[in-house]
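Structural overview
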Protein chains: 2
Amino acid sequence: MAESVRHEKTARQLRLLSDALDSGRLGPVRRLVNTLSPAEIGNLLESLPPAKRTIVWGLVDAEDDGEVLVHVGDEVRESLLAEMDPDEIIAAVEDLDIDDLADLVEDLPDAVIEQVLLSMDRENRERLEQALSYPEDTAGRLMNPDVVTVRADTTLEVVLRYLRLRGELPDHTDRLYVVSRRHQYLGRISISDLLTQDPSTPINRLVDDEQAAIYVGETASEVARKFSDYDWISAPVVDENNILLGRITIDDVVDIIRDQAEHQALSAAGLDEDEDLFSPVPRAMRRRLIWLSINLATAFVAASVVGQFEGTISKLVALAALMPIVAGMGGNAGTQVLALMVRGLALGQVSASNLRVLLWKEIRVALLNGLALGTILGLVVLLWFKMPGLALVIAVALTLNLLFAASAGVLVPITLRRMGFDPALASSIFLTTVTDVMGFFTFLGLATLFLLK
Amino acid sequence: MAESVRHEKTARQLRLLSDALDSGRLGPVRRLVNTLSPAEIGNLLESLPPAKRTIVWGLVDAEDDGEVLVHVGDEVRESLLAEMDPDEIIAAVEDLDIDDLADLVEDLPDAVIEQVLLSMDRENRERLEQALSYPEDTAGRLMNPDVVTVRADTTLEVVLRYLRLRGELPDHTDRLYVVSRRHQYLGRISISDLLTQDPSTPINRLVDDEQAAIYVGETASEVARKFSDYDWISAPVVDENNILLGRITIDDVVDIIRDQAEHQALSAAGLDEDEDLFSPVPRAMRRRLIWLSINLATAFVAASVVGQFEGTISKLVALAALMPIVAGMGGNAGTQVLALMVRGLALGQVSASNLRVLLWKEIRVALLNGLALGTILGLVVLLWFKMPGLALVIAVALTLNLLFAASAGVLVPITLRRMGFDPALASSIFLTTVTDVMGFFTFLGLATLFLLK
């Protein structure tokens, strides 16, 4: 429901664009494209097949090129950069903020990086090199060194005079940072106070020093958590000596939150959040083949379990029709538990201290669901095959498999996390291996024990 | 990796809390809890089993109660409200912003709602009733009526004097809104300009009227899209006559983005994003049972397809062991396509104009993957069963099923969207039904045609 407005708006733009592109009238396309913000242009380019993408990219105002490149996924960015010559790339990126430039630079050809560095003045070059010295996905990469600082031993009036001399403030400046003579971070004063407090107020009376600054080595996801828990618009970044290095702003944090969500949704299917909707077939194939091959290997494990029971199946072929139900229902029930666990782990809500309670709760839910669904399944099997023994065996096997599924749903993601793996990525493969193997084994095993004489 | 810091921090808090709670020393628990922000307390409460949750909730400072209630999911909120008497609830909610109060009010018992309304002054009561008159998940519900407005026919100096008289600005005020005599929205001026421009500047020289205001009926997800495409901190909300009604701020938008991401992740498993990690067993069971019952019904469909081939299986039992591989690999491959499509639909990147190109791309990827995986699978089957015919049949069946999977992965979500359903919710059930049914049918059908004589 909620998504459909966006869908309709972009769909309308796409249709207009498609029609104009098909008819070869590029004037209207150019006008349409350049009414959009760089983020919107990025989204539009992501939704265009390669040939049309190239045409539209050529029509984007050169001054927007850099910002558009910042707003697309890695794969699409690569395809756009491939259409530009070095001079265009340099012109596009030289006005970007340092944090955006650092994000982009690693996707550029080496020769172009060198030219970009040469085209910058010394201060900016040093800032960029500084930014690139921090690992990706840390506060150091997200911050922008462009910060307005004031000293504590002055008055509001002096600060106000300084700001008028300085001119325009950096985007999203909601606070000024107070620093010592050695540029150590002391606290922040809000813009709101600058406008509403008496000009004669000493700055040190306005300083809020309650919140510690962000350490430059903190991870992006920890930064995102703090912004969202404390409703920040911007936050200062310091080094280990509390020297103020820069500032992170909410717009970059919103991008992190979106990326994390996409990562979680796509990695469950073995995909990368930077995957281009229209990535070239050989590349898309290679990437998916890895994931599917792992799944194929686990499918063989499950098949070999079934293989052990060929004698049983040959005596009672109904088992072959029914066994996927037991395995599949385990997979479905386990996936539900897994989804809750992956969210809980991402939010830091699941840990050793509540694991036992959680497991016990899921075991009880699985037992009740197993009894309910097992009864339904048993009755249907009874009506279908008229074999009370078979009905009882499948009901018990289903209940047991839901118990295995619940245990695996709780324990697989937390075990992967402890071993240092991303639970969103690999959990589902392990889970379905457990539910397939145990589903086939319990059902065919019970059938062998109780139905054959 | 990135999540582990948060995990560790909250896990440490949880362990400290658990130890303190177990030992019955509530003093340290209270001190620990009340160093946290309301959002952090909310997250902590979500991660506690019911008994401990009740104890910790009783230790939270009364003045934080309202904000904490705003920051937890619906189910947890219900469990917390159940622990409070009406007076406590009224005290907790009466200082909340109108948008937060509107969000909360519908979860309160009727008698309490009435008392809350009575405890408010007339202006706030009218504002609350106004907010509640807008549908959930629209701009009207998200906005806060507390807005600083100025008139165009004045100077910066006058505005600065007015702000000093007015005192503190509402949180996240990065722009003032310029309105006409009839309170129609005319544009915005940035706080940054107030601080850096000459005081004698007329306001109408500073007004930015490029961006239209948000219409009060726009959906929450359209609001979120605009904030993220335009990097807004706050945005004005108007009615159909362009009368300024209020203001939406980025902190609420961040919550929307998080909720949408959780909705997408959990609804794929048939769960609600408001589900409590520790929801009572009967409730958790009921909710999951609905989803599992639908899956059970589709599993019967697949089983009945297998049932049609009992004669074939009884002659060649190896088919029983191998058929889940064909069906399961189709499910895995289809899920990958589905994940890309659901993201593309949510971002408005997929529509009628590029559907054919997308489908064609996915068909080619599936064909290549089918040939690659089919070859591997065929070779393994050849080594295992020494039957070249069987190896060829399974290779062809797998390739065909990957083609069905790719088509269903593209077409199921877009069809559901067109019919007005949420593609994130129901797509996976339809997809796996297709891949199970077609997997069993092609494999067992081809085996019947070519392997039996």
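Predicted model only: the values in this text are computed from it and were never measured.

Reading the values: the criteria
- Residues numbered from 1 in each chain as written.
- Chains lettered and ligands numbered in written order.
- Predicted model: local features only at pLDDT ≥ 70, side-chain atom pairs only at ≥ 80, totals over all residues.
- Heavy atoms only, no water.
- Axes fitted to C-alpha atoms, helices over the stretch in contact; angles between N-to-C directions.
- Helix = DSSP H or I, 4+ residues; strand = E, 2+ residues; numbered from the N terminus.
- Parallel < 35°, antiparallel > 145°, perpendicular 65-115°, else oblique.
- Left-handed = near helix turned anticlockwise from the far one by under 90°.
- Buried < 20%, exposed > 50% of the residue type's maximum accessible area, 1.4 Å probe, protein only.
- Pairing = 2+ DSSP bridges.
- Least-squares fit on C-alpha atoms with pLDDT ≥ 70 in both.
- Contact = heavy atoms within 4.5 Å.
- Domains from an automatic or database assignment.
- Expected span 1.5 Å × (residues − 1).
- Bend = angle between axes of the 7 residues up to and from the residue.
- UniProt positions renumbered as here; feature names shortened; annotations may be inferred.
- Salt bridge = Lys/Arg side-chain N within 4 Å of Asp/Glu carboxyl O.
- Phe/Tyr/Trp six-rings, centres within 6.5 Å; stacked < 30°, edge-to-face > 60°.
- Patch = residues over 30% accessible without salt bridge, like charges linked within 9 Å, V, L, I, M, F, W, Y side chains within 5 Å.
- Areas by Shrake-Rupley, 256 points an atom, 1.4 Å probe, with all protein chains shown as cover.
- pLDDT = per-residue confidence, 0-100.
- Buried area = accessible area lost by both parts, 1.4 Å probe.
- Polar contact = N/O pair within 3.5 Å; in protein donor to acceptor, adjacent residues only side chain to side chain.
- Nonpolar A, V, L, I, M, F, W, Y, C, P; charged D, E, K, R; others polar.

On to the packing of helix H19 (residues 352-385) of chain B against helix H20 (residues 388-418) of chain B, then. All names here are of chain B. Taken N-terminus to C-terminus, the directions of H19 and H20 make an angle of 155°; their axes are 7 Å apart at the nearest point. The orientation of H19 with respect to H20, classified from their angle, is roughly antiparallel. For the pair H19 and H20, the crossing hand works out as right-handed.

With that settled, consider the pairing of strand S5 (residues 234-238) of chain A. Residues and elements named next belong to chain A. For S5, the buried fraction is high: five of the five residues fall into the buried class. By the alternation rule, side chains of S5 split into Ser 234, Pro 236 and Val 238 and Ala 235 and Val 237, which are all buried. Strand direction decides the pairing type here: strand S4 (residues 214-215) and S5, joined by two bridges, are parallel. Paired with Ile 214 across the strands is Val 237, a residue of S5. Direction of pairing for S5 relative to strand S6 (residues 244-249): antiparallel, over a ladder of five bridges. Each bridged residue has a counterpart across the sheet, and for Val 238 the counterpart in S6 is Leu 244. Hairpin connection between S5 and S6: a loop of five residues separates the two successive antiparallel strands, and Asn 242 in this loop has a positive phi of roughly 65°.

A word on the relation of the copies chain B and chain A. Each copy superposes on the other: chain B lies on chain A with an RMSD of 0.1 Å after a rotation of 180° and an axial shift of 0.0 Å. The symmetry that links the two subunits is that of a two-fold axis. Taken together, the interface assignments show that 100% of the residues at the interface of chain B recur at the interface of chain A, consistent with an identical surface on both copies.

Interface size is commonly expressed as the accessible surface area that is lost when the partners come together. By the assigned domains, chain A splits into domain 1 (4-136), domain 2 (149-249) and domain 3 (281-450). Spacing between the C-alpha centres of domain 1 of chain A and domain 2 of chain A amounts to 32 Å.

Take the sheet that holds strand S3 (residues 185-190) of chain B next. All names here are of chain B. The mixed open sheet is built from three strands, whose spatial order is S1-S2-S3. Two strands in the sheet have a free side with no partner beyond their single neighbour: strand S1 (149-151) and S3. The sheet shows a mean angle of 40° between the axes of neighbouring strands, taken without regard to direction. Inspection of the sheet shows strand S2 (residues 175-179) paired to S3 by five bridges, in the antiparallel sense. Following the sheet pairing, Val 178 is matched in S3 by Gly 187.

In this section: helix H16 (residues 281-307) of chain B. Across its 27 residues, H16 of chain B extends 36 Å between first and last C-alpha, which sits within 8% of the 39 Å expected from 1.5 Å per residue. For H16 of chain B, the principal kink sits at Leu 289 of chain B and spans about 30°.

Quick look at the UniProt feature "transmembrane region" (unreviewed entry) in chain A now. All names here are of chain A. When the UniProt feature table is mapped onto this chain numbering, "transmembrane region" (unreviewed entry) sits at residues 289-309, 321-342, 363-385, 391-416 and 428-452. Helix and strand shares over residues 363-385 are 100% and 0% respectively, and the end C-alpha atoms of the span are 31 Å apart. Along residues 391-416, the helical share is 100% and the strand share 0%, with 37 Å between the first and last C-alpha atoms.

Under the feature "domain: CBS" (unreviewed entry), the UniProt entry names residues 143-206 and 207-266 of chain A. Secondary structure content for residues 143-206 of chain A is 27% helix and 22% strand, and the end C-alpha separation is 25 Å.

Here the focus is the pattern of salt bridges. Residue and element names in this part refer to chain A. Counted according to the given criterion, the structure contains 44 salt bridges over all chains. Put simply, Glu 75 and Arg 283 hold a salt bridge, and the shortest N to O gap is 3.4 Å. In this pair, Glu 75 is assigned in helix H6 (residues 74-81) and Arg 283 in helix H16 (residues 281-307), connecting sequence segments 208 residues apart. You can call Arg 283 partly exposed: its relative accessible area is 24%.

All names here are of chain A. The tally for this structure, following the rule as stated, stands at 10 aromatic pairs over all chains. With 6.0 Å between their ring centres and 75° between their planes, Tyr 177 and Tyr 185 make a pair best called edge-to-face. Residue class for Tyr 177 comes out buried when judged on its relative accessible area of 0%. According to the relative accessible area criterion, Tyr 185 is buried, its value standing at 7%. Clustering of aromatic rings is evident, with ring pairs tying together Phe 227, Tyr 230 and Trp 232.

Residue and element names in this part refer to chain B. Taken in spatial order, the three strands of this open sheet run S4-S5-S6, and their pairing is mixed. Either end of the sheet is taken by a strand with one partner, and the two such strands are strand S4 (214-215) and strand S6 (244-249). Strand contacts of helix H14 (residues 220-230): S4, strand S5 (234-238) and S6, with the helix running at about 65° to S6, the strand carrying the most contacts.

With that settled, consider unusual backbone geometry. Its identity as a non-glycine residue notwithstanding, Asp 137 of chain A has a phi of 60°, on the positive side. You can see Asp 137 of chain A is positioned in the loop between helix H10 (122-132) and helix H11 (139-142). At Asn 242 of chain B, a position not held by glycine, the phi torsion is positive, near 65°.

Residues Leu 392, Val 396, Leu 400 and Phe 404 of chain B make up a contiguous nonpolar surface patch of roughly 320 Å² in combined accessible area. Along the chain, Val 396 of chain B falls in helix H20.

For Asn 332 of chain A, the location among the structural elements is in helix H18 (residues 318-346). Sequence-wise, Asn 332 of chain A and Ile 290 of chain A are 42 residues apart; in three dimensions their C-alpha atoms are separated by 23 Å. Setting aside residues no more than four positions away along its own chain, Asn 332 of chain A makes contact with Leu 292 and Asn 295 of chain B.

Here we take up the environment of Ala 20 of chain B. All names here are of chain B. Among the structural elements, Ala 20 can be located in helix H1 (residues 4-23). Along the chain, Ala 20 and Ala 333 lie 313 residues apart, while their C-alpha atoms are 48 Å from each other. With near-sequence residues (within four places) excluded, Ala 20 lies in contact with Arg 25 and Val 29.

Put simply, chain A has an average pLDDT of 90, and 97% of its residues get 70 or more. Taken together, the stretch residues 1-7 of chain A has pLDDT below 50 and engages in 19 contacts with residues farther than four places along the chain or on a different chain.

Contacts between chain B and chain A engage 121 residues on the former and 122 residues on the latter. The contact between chain B and chain A buries some 11900 Å² in all, and 65% of this surface belongs to carbon and sulfur atoms. On the chain B side of the interface with chain A, the three residues burying the most area are Leu 195, Leu 277 and Gln 336 of chain B, jointly 7% of the side's total. The tally of links between chain B and chain A comes to six salt bridges. A salt bridge links Glu 262 of chain B to Arg 343 of chain A; the shortest N-O distance between them is 2.8 Å. Our count for the chain B to chain A interface comes out at 36 residue pairs in polar contact (both at pLDDT 80 or more). Residue classes in the side of chain B that touches chain A are distributed as 65 nonpolar, 31 polar and 25 charged.

Relative to the elements of secondary structure, Ser 37 of chain B occurs in the loop between helix H2 (26-33) and helix H3 (38-46). The buried category is assigned to Ser 37 of chain B, whose relative accessible area is 8%.

Residues and elements named next belong to chain B. Within the element layout of this structure, Ser 427 appears in helix H21 (residues 423-450). A relative accessible area of 1% means that Ser 427 is categorised as buried. Here the side chain of Ser 427 touches Pro 423 through a polar contact of 2.5 Å, landing on its backbone oxygen.

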